[in-house]
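Chain by chain, the residues run as shown.
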Amino acid sequence: MDRFDGPARLMIVSDLDHTMVDHHDPENLSLLRFNALWEANYRHDSLLVFSTGRSPTLYKQLRKEKPMLTPDITIMSVGTEITYGESMVPDDGWENFLNHKWDRNIVTEETAKFPHLKFQSETEQRSHKISFYVEKEHAQEVIKALSERLEKRGLDVKIIYSGGMDLDILPQGAGKGQALAYLLKKFKSDGKPPANTLVCGDSGNDAELFSIPEVHGVMVSNAQEELLQWHAENAKDNPNIVHASEKCAAGIIQAIGHFRLGTNTSPRDVIDFSRLQPESPTPGHEVVKFYMLYERWCRAEIANSEQHIQHLKNICHPSGVIVHPSGTERSLYSCIDALGSFYGDKQGKQFRIWVDRVSSAQIGSNVWLVKFDKWELSDEGRQCCLTTILLDSKPEASKGFAWVHIHQTWLDGYQARVPTSWLF
Ligand code: GLC
Ligand code: MG
């Protein structure tokens, strides 16, 4: 959050399963579209917040399975755990606050009396969240009877039903909505309330997000019945909430356009980059575009034409070099010349590139130092290079930026398992 000084231009607070992440799309296309949009246009001045029902254990598992970005803030276990940054520093103040009228032992004692409640896995039982499965037909009666019992025992709890099967019991002050309200209050007291906030969800535990004042909200097209019903009963006349016609992350992109929160053209949707006019040409935009071209070239999704090679030469400095993660150094021009034999090399195969955590600093009047994680998913698995580049923002040859230097090192645990011929 120290990446920029002022308030966020946009803060996106998104649920993960079936909202940001589409479990029915093995290609993860809408997620990759969102990633490119975010890193190109929003990362430098906006905040990404993931708000999930998953515990830290299952959240980390999902990050290994899906091409997800690194959020600025992670809210886990249905708004009971808030952490900051890549290293996930917990907000202890929040957890202490949740102890009010909460006693796990009483909850387990009382829930044991309900045979329809089946415990979820041990990883999902957290200090301020106790979770069960319950079939749809029993849910309402169980919730009613259980609330009465817990109230009699002096607790003030919240019972949330999601996805037509999950039942979570949390302290009354917890939940995705309360956690967001807590963050917004914190930003306001620092004098940095986000200019716009967009909440995104698909199921019961997301409903609270939509009742926070002054936020825009999108229910993705595939939203669960329980969320749509909550909306019909509580918020149907609220113009700040939209039910997208697109699924998952595509619905989020759609909502950015619907509420006019900024550009919603993902570089992944752009065929001809010379026609794309970014709001402001940022280093992030430059990096996303470069790797899009490289991916499409290897997948043979653009024409095998000299024009693309020439374009890359135009944006690279003639004496620029790349230091590969193996430590070998090569000139940028020679890598571009070698591209010819890579055309279509990944055609019909699994091959995607995405960048994460793009950050940049202007270190001279024309010089930018840009850092990001370059991820590559192929049939050989997942690889990641911590990448640093130097961009010259006033080259003679072309408008925009010139790539002067690229330096890559492996991210621990994500080096290539087999030696690969490597270009960028
Ligand atoms: C996630 C959690 C689970 C919870 C559900 C609904 O799936 O893993 O514990 O019940 O979200 O909030
Ligand atoms: Mg969900």
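Keep in mind that this is a model prediction, so the values were computed, not measured. (Residues numbered from 1 in each chain as written. Chains lettered and ligands numbered in written order. Predicted model: local features only at pLDDT ≥ 70, side-chain atom pairs only at ≥ 80, totals over all residues. Heavy atoms only, no water.)

Student: Explain helix α10 (residues 306-315) to me, please; I cannot follow it from the model alone.
Tutor: Three or four residues apart is the spacing at which side chains of an α-helix point the same way, because the helix has 3.6 residues per turn. Those residues of α10 that fall on the buried side of the exposure criterion are His308, Ile309, Leu312, Lys313 and Ile315. In this structure, the buried side of α10 is in contact with α9 (283-298), β13 (316-323), α11 (332-338) and β18 (402-410). (Buried < 20%, exposed > 50% of the residue type's maximum accessible area, 1.4 Å probe, protein only. Helix = DSSP H or I, 4+ residues; strand = E, 2+ residues; numbered from the N terminus. Contact = heavy atoms within 4.5 Å.)

Student: How should the coordination of the magnesium ion (ligand 2) be read in this particular structure?
Tutor: In an ideal octahedron of six donors the angles at the metal are 90 or 180 degrees, and in an ideal tetrahedron of four donors they are 109.5 degrees. For the magnesium ion (ligand 2), the protein coordination sphere consists of Asp15 (OD), Asp17 (O) and Asp202 (OD), at 2.1 to 2.3 Å. For the magnesium ion (ligand 2), the single-chain donor residues occur in sequence as D-x1-D-x184-D. Within this pair, whereas aspartate 15 is found in the loop between β1 (11-14) and α1 (29-42), its partner aspartate 202 is found in the loop between β10 (197-201) and β11 (216-219), the two being separated by 187 residues in sequence. Its relative accessible area of 4% is what places aspartate 15 among the buried residues. (Donors = N, O, S within 2.8 Å, 3.2 Å for Na, K, Ca; no water.)

Student: I keep staring at the domain arrangement of the protein and nothing clicks. Help me out?
Tutor: As a measure of interface size, the accessible area lost when the parts come together is often cited. Per the domain assignment, the segments of the protein are domain 1 (11-90 + 174-268), domain 2 (101-171) and domain 3 (271-410). A C-alpha centroid distance of 25 Å is found between domain 1 and domain 2. Taken residue by residue, the interface counts 20 residues in domain 1 and 15 residues in domain 2. When domain 1 packs against domain 2, close to 1,200 Å² is buried across both sides, 51% of that on carbon and sulfur atoms. Taken together, domain 1 and domain 2 are joined by three salt bridges. (Domains from an automatic or database assignment. Buried area = accessible area lost by both parts, 1.4 Å probe. Salt bridge = Lys/Arg side-chain N within 4 Å of Asp/Glu carboxyl O.)

Student: Is there a simple way to think about the packing of aromatic side chains in this case?
Tutor: How two aromatic rings sit relative to each other is set out by the distance from centre to centre and by the angle between their planes. Under the counting rule described, the total for this entry stands at 16 aromatic pairs. Seen in terms of ring centroids, tyrosine 294 and phenylalanine 351 are 6.5 Å apart; in terms of plane orientation they differ by 80°. Their pairing is edge-to-face. Of this pair, tyrosine 294 sits in helix α9 while phenylalanine 351 sits in strand β15 (residues 351-362), and the two are 57 residues apart along the sequence. For the residue pair tyrosine 294 and phenylalanine 351, the accessibility class agrees, reading buried in each case. Grouping aromatic residues by their ring pairs yields a cluster made of Phe290, Tyr291, Tyr294, Phe351, Phe372, Trp403 and Phe424. Positioned above the aromatic ring of tyrosine 333 is the side chain of lysine 313, whose terminal nitrogen or guanidinium carbon lies 5.3 Å from the ring centre. In this structure, arginine 382 packs its charged tip against the face of tryptophan 375, placed 5.1 Å from the ring centre. (Phe/Tyr/Trp six-rings, centres within 6.5 Å; stacked < 30°, edge-to-face > 60°. Lys NZ or Arg CZ within 6 Å of the ring centre and 35° of its normal.)

Student: In this structure, what is going on with the site of ligand 1? I would like to understand it.
Tutor: Around ligand 1 sit Gly53, Arg54, Leu58, Val78, Gln120, Glu124, Lys129, Ser131, Ser162, Asp166, Asp168 and Asn205, and those are all the residues in its vicinity. Lysine 129 places a side-chain nitrogen or oxygen 2.7 Å from an oxygen atom of ligand 1. In this structure, an oxygen atom belonging to ligand 1 sits 2.5 Å away from a side-chain N or O atom of aspartate 168. Computed on the free molecule, ligand 1 has an accessible area of 300 Å², of which 87% lies beneath the protein chains in the complex. A domain split of the shell around ligand 1 shows at least three residues from each of domain 1 (11-90 + 174-268) and domain 2 (101-171). (Near = heavy atom within 4 Å. Polar contact = N/O pair within 3.5 Å; in protein donor to acceptor, adjacent residues only side chain to side chain. Areas by Shrake-Rupley, 256 points an atom, 1.4 Å probe, with all protein chains shown as cover.)

Student: I keep staring at helix α2 (residues 56-65) and nothing clicks. Help me out?
Tutor: Every buried residue belonging to α2 is among Pro56, Tyr59 and Leu62, and all of these are buried. One face of α2 carries all of its buried residues, which in axial projection span an arc of 120°. (Arc of directions from axis to C-beta.)

Student: Would you take a moment to explain the sheet that holds strand β12 (residues 241-243) for this structure?
Tutor: Through backbone hydrogen bonds, the strands of a sheet pair up, either in parallel or in antiparallel fashion. If you walk across this open sheet you meet the eight strands as β5-β4-β3-β2-β1-β10-β11-β12, and the pairing is mixed. Both outer strands of the open sheet, β5 (89-90) and β12, are each paired with one neighbouring strand and no more. Note: β11 against β12, three bridges, orientation parallel. Within β12, the residue paired with valine 218 across the bridge is valine 242. (Pairing = 2+ DSSP bridges.)

Student: Looking at this structure, how should I read unusual backbone geometry?
Tutor: Phi at serine 77 takes a positive value of approximately 50°, unusual for a residue other than glycine. Relative to the elements of secondary structure, serine 77 occurs in the loop between β3 (73-76) and β4 (81-84).

Student: What's the story with the pattern of salt bridges in this structure? I'm lost.
Tutor: Any two side chains of opposite charge can pair, so long as their charged atoms come close to each other. Counted by the stated rule, this structure contains 28 salt bridges. Two residues, aspartate 72 and arginine 43, come together in a salt bridge whose shortest N-O distance is 3.8 Å. Of this pair, aspartate 72 sits in the loop between α2 and β3 while arginine 43 sits in the loop between α1 and β2 (47-51), placing them 29 residues apart in sequence. Among the ionic pairs, arginine 268 bridges to glutamate 295, the shortest N-O distance being 2.8 Å.

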